[in-house]
Amino acid sequence: DNITATKDTSGNFVLRIPVGLWKIVQANDGFRGITLSPAPKQNPDGSYTVILTVAQWQIFQDNQKNPPQQAAPQAAPEQPVDDDNITASKDPSGNFVLRIPV
């Protein structure tokens, strides 16, 4: 399935977005910075029709090229040092870090 885009007589872009791609576009925040008015409703075939101005079309295209930034994982709080025991913690990438005293 593909998103199809055509221009109407007023110069706006008319997008037909299949339901599977609609979910992906929504999950990737593909309409960020765009107020869809009226809110798109699902067509009988399951697709959605969205009308965008030329400026909104450009924002939509930019959003597809640059998905939203994911928040950086928070660093785990520093574990207290225990010189007599083996300690285990997870680093931000999810790997386990063992501290083994000498």
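Owing to the predicted nature of the structure, the values given are computational and were not obtained by experimental measurement. (Residues numbered from 1 in each chain as written. Predicted model: local features only at pLDDT ≥ 70, side-chain atom pairs only at ≥ 80, totals over all residues. Heavy atoms only, no water.)

> Explain helix α2 (residues 54-65) residue by residue, including any values.
Helical geometry: 3.6 residues make up each α-helical turn, so side chains three or four residues apart lie on a common side. Taking 1.5 Å per residue as the helical rise, α2 with its 12 residues ought to reach 16 Å, and the 17 Å between its terminal C-alpha atoms agrees with that figure. Where α2 is concerned, the buried positions are Q56, W57, F60 and N63. Looking straight down α2, one finds that the buried residues subtend no more than 120° of arc, so they occupy a single side. Exposed residues lying more than 90 degrees from the buried face of α2 are V54, A55 and K65. Where α2 is buried, its residues meet β1 (4-7), β2 (13-17), α1 (19-27) and β3 (48-52). (Helix = DSSP H or I, 4+ residues; strand = E, 2+ residues; numbered from the N terminus. Expected span 1.5 Å × (residues − 1). Buried < 20%, exposed > 50% of the residue type's maximum accessible area, 1.4 Å probe, protein only. Arc of directions from axis to C-beta. Contact = heavy atoms within 4.5 Å.)

> Before we move on, could you go through the side chain of S47 and cite the residues and values that matter?
For S47, the position within the fold is in the loop between α1 and β3. Taking the relative accessible area as the measure of exposure, S47 reaches 3% and is therefore buried. Side-chain polar atoms of S47 contact the side chain of D45, separated by 2.6 Å. (Polar contact = N/O pair within 3.5 Å; in protein donor to acceptor, adjacent residues only side chain to side chain.)

> Let's hear about unusual backbone geometry: which residues, and what values?
Peptide bonds are mostly trans, and most non-glycine residues show a negative phi. Looking along the chain, the bond that leaves S37 and enters P38 is cis, with omega of 0°. The residue D29 is not glycine, and still its phi comes out positive at about 55°. Its place among the elements puts D29 in the loop between α1 and β3. What makes D29 partly exposed here is its relative accessible area of 36%.

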